[in-house]
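Results of the structural survey
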Amino acid sequence: MSPDPAGANRLGNIALVLVTLAIGGAAGAAALSIRSPLPWMLGPLFGVALLRVLGAPLMPAPGGRHAGQWAIGTALGLYFTPAVLSLLQANLMLVSLIAGGALIVGLLCAVLTLRLAKVDKPTAFFAALPGGASEMAVLAERFGGAVDRIAAAHALRVMLVVAIVPLGLNWSGAHGSDLYQPLAATVVPSQLPALVAASLGGGLLLTALRIGNAWVLGPLFGVGILTGLGLSLSALPGWVVNGGQLLIGCSLGCRFSPTFFRAAPRFLATAAVSALFAVALGCVLALLAASASDTPLATLVLAAAPGGVAEMCITAKVLQLGVPLVTVTHVLRVVVLTLGAPFLYRVFLRLPD
């Protein structure tokens, strides 16, 4: 009987996925032991990324990032109580200003990238804009940018922001000051099916509508609507949220490879500088917003950080820093950047080289 190459390949891939998850789990436990913020995301991210850069043939779980986003979106949706929605309405102008400020941050970072990296304008612009990586890649392809470099720049940006912002906030002592609390704080087995149904329904709906970040936003909206109506739901078990972080960390770490930093060293070095510049500009934006409101500065720094929606929102949850305000701001930021990118790109083209 002849061997089945396809079957052997599937078994090999399954083994690689299991090894990756085991390494990510060990790295998460190590990060937890040294009291790192976000240990179940940062530990796997750095552990897996390091081994990938060194040449280890690791592989993320198929659909693992979406599953991790589902867990985070579901947990975040439980924060949107009727009282919280009223507070968000009162802070709508603040949220809009921070989200809109991302356009200015993106334009300044694009100018910096163009000057330092010596690449074409489409690549410089869409690599520097702190929006969703997939949305920016699609837009870049339409306008003639180098999609591979743009995807690499966004992977590096998210990794740097996910590392710097939580560690910086944790070092500053910004923890446990959140007045917002989820409506459901305990796990009630009989109410878990309704929670799962609402979250999956939201995710599937937004996926069918081809909306970016569907597996964060869909569960968030699905659960958030029920929570906003004051309906009683179960909390999500802690191990599910931690497992979601593990899956996202492993997925982000696997984006790196032995050739990642050798492919275009000047461009990637510029992307790293641009990401750090965006973090600094976000802090300036947060300081300006803090001077005009009574919202804690740490919450505003997190709301203005140029990271991914899921990563920044789970940071807010773990550090208890204004989860609803941070979540709404980042969701609105992605929407503003996605819709405003074509117009902003035309402005960018008019700038002198």
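Starting afresh in each chain, residues are numbered from 1 along the sequence in its written order. Restriction of local features to residues with pLDDT of at least 70 applies here, the model being predicted, together with a cutoff of 80 or more for giving and counting side-chain atom pairs; totals for whole chains, interfaces and linings are based on all residues. Computation of side-chain values covers all heavy atoms of the structure but excludes hydrogens and water.

Side note on the overall build of the chain
Summing up its helical and strand segments, the chain has 16 helices and zero strands in all. Against the 2.2 N^0.38 benchmark of 20 Å for 353 residues, the chain shows a C-alpha radius of gyration of 20 Å, consistent with a compact globule. By principal-axis analysis of the C-alpha atoms, the chain measures approximately 70 × 55 × 40 Å. The rule is simple: take the accessible area with a 1.4 Å probe, protein chains only, and divide by the maximum for that residue type; under 20% is buried, over 50% is exposed, in between is partly exposed. Each of the 353 residues in the chain was classed as buried or not, and the buried ones make up 52%. In this description, contact between two residues means that some pair of their heavy atoms is separated by no more than 4.5 Å. Restricting to contacts in the chain with at least 6 residues of sequence separation, those with at least 24 account for 80%. Accessible area for the chain stands at about 15,500 Å²; split by element, carbon and sulfur atoms hold 71% of it. Under the DSSP-based scheme used, a helix requires at least four consecutive residues in state H or I and a strand at least two consecutive residues in state E, with every element numbered from the N terminus. Both definitions apply: the radius of gyration is a C-alpha atom measure, and the globule rule equals 2.2 Å times residues to the power 0.38. Only the protein chains shown count as cover for residues, with accessible areas throughout obtained via the Shrake-Rupley method and a probe of 1.4 Å.

Remarks on the packing of helix H8 (residues 147–171) against helix H15 (residues 309–319)
To define axes, lines are fitted to C-alpha atoms, for helices over the stretch in contact only, and angles between the resulting N-to-C directions are given on a 0 to 180 degree scale. Orientation of H8 relative to H15, taken along the N-to-C sense of each, is 15°, at an axis distance of 10 Å. Looking at the two axes, H8 sits roughly parallel to H15. Classified by chirality, the crossing of H15 by H8 is right-handed. Every residue of H15 that contacts H8 at Val158, Val161, Val162, Pro166, Leu169 and Asn170 is listed here: Glu311, Met312, Thr315 and Leu319. We call two directions roughly parallel when the angle between them is under 35 degrees, roughly antiparallel when it is over 145, roughly perpendicular when it lies between 65 and 115, and oblique otherwise. We call a crossing left-handed when the near helix sits turned anticlockwise from the far one by less than a right angle, and right-handed when that turn is clockwise.

A short note on a nonpolar patch on the surface
The residues that make up patches have over 30% relative accessible area and no salt bridge, and they are joined within 9 Å when like-charged or within 5 Å when they are Val, Leu, Ile, Met, Phe, Trp or Tyr. Take a side-chain nitrogen of Lys or Arg and a carboxyl oxygen of Asp or Glu: if they are within 4 Å of each other, that pair is a salt bridge. Together, Phe221, Ile225, Leu229 and Leu231 give the surface a local cluster of nonpolar side chains, amounting to about 410 Å² of exposed area. What makes Phe221 partly exposed here is its relative accessible area of 39%.

Observations regarding the packing of helix H2 (residues 39–53) against helix H11 (residues 238–253)
As a packed pair, H2 and H11 sit with axes 7 Å apart at the nearest point and diverge in direction by 25°. One way to sum up the angle between H2 and H11 is to call them roughly parallel. The element H2 and its partner H11 pack so that their crossing is right-handed. Along the contact surface, H2 presents Trp40, Met41, Pro44, Leu45, Val48, Ala49 and Arg52, while H11 presents Asn242, Gln245, Leu246, Ile248, Gly249, Cys250, Leu252 and Gly253.

With respect to the packing of aromatic side chains
Two aromatic rings from Phe, Tyr or Trp, using only the six-membered ring of Trp, form a pair when their centres are within 6.5 Å; if the ring planes differ by under 30 degrees the pair is stacked, by over 60 it is edge-to-face, and anything between is tilted. One pass over the structure, following the stated rule, counts six aromatic pairs. Between the aromatic rings of Phe125 and Phe348, the centroid separation amounts to 5.4 Å while the plane-to-plane angle is 35°, which identifies the pairing as tilted. On the criterion of sequence distance, the pair formed by Phe125 in helix H6 (residues 121–128) and Phe348 in helix H16 (residues 323–349) is long-range, its members being 223 residues apart. Per residue, the accessibility class of Phe125 equals that of Phe348, and both read buried. Measuring from centroid to centroid gives 5.0 Å for Phe143 and Tyr345, while their planes differ by 55°, and the two rings are tilted.

What to know about the pattern of salt bridges
Applying the stated criterion across every chain yields a total of one salt bridge. Among the ionic pairs, Arg65 bridges to Glu311, the shortest N-O distance being 3.3 Å. Here Arg65, found in helix H3 (residues 64–77), pairs with Glu311, found in helix H15; they are 246 residues apart in sequence, far enough to count as distant. Taking relative accessible area as the criterion, Glu311 reaches 2% and is therefore assigned buried.

Looking at unusual backbone geometry
Phi angles above zero are rare outside glycine, and Arg35 is one such case at about 60°. By secondary structure assignment, the location of Arg35 is in the loop between helix H1 (5–33) and H2. For Arg210, which is not glycine, the phi dihedral falls at a positive 60°. Along the chain, Arg210 turns up in the loop between helix H9 (192–208) and helix H10 (214–228). The exposed category is assigned to Arg210, whose relative accessible area is 80%.

Some thoughts on the nonpolar core
Ranked by size, the top nonpolar core spans 97 residues in total, and within it Phe125, Phe126, Leu169, Phe267 and Leu302 carry the most contacts. If we skip the residues at most four places from it in the chain, Leu302 touches Val165, Leu169, Met312, Thr315, Ala316, Leu321, Val326 and His330. Of all hydrophobic cores here, the second largest spans five residues; its members include Val48, Leu58, Cys250 and Cys254. Nine residue types can take part in a nonpolar core, namely buried Ala, Val, Leu, Ile, Met, Phe, Trp, Tyr and Cys, and a core is a set of them joined through side-chain atoms within 4.5 Å.

Section: the environment of Thr270
By the secondary structure assignment, Thr270 is in helix H13 (residues 265–291). With relative accessibility at 4%, the residue Thr270 sits in the buried group. Separated by 153 residues in the primary sequence, Thr270 and Ala117 have C-alpha atoms spaced 5.8 Å apart. Beyond its immediate stretch of four places on either side in the chain, Thr270 contacts Leu112, Thr113, Leu116 and Ala117.

Considerations on the confidence of the model for the chain
pLDDT is defined as a per-residue confidence score from the predictor, taking values between 0 and 100. Scored by pLDDT, the chain comes out at a mean of 87, with 93% of its residues at no less than 70. Per-element mean pLDDT across the chain ranges from 75 in helix H7 (residues 133–143) up to 94 in H9.

A word on the side chain of His154
By the element assignment, His154 lies in helix H8. Take His154: its relative accessible area is 0%, and that puts it in the buried class. Contact partners of His154, with chain neighbours within four places excluded, come to Phe126, Ala127, Leu129, Gly131, Ala133 and Met136.

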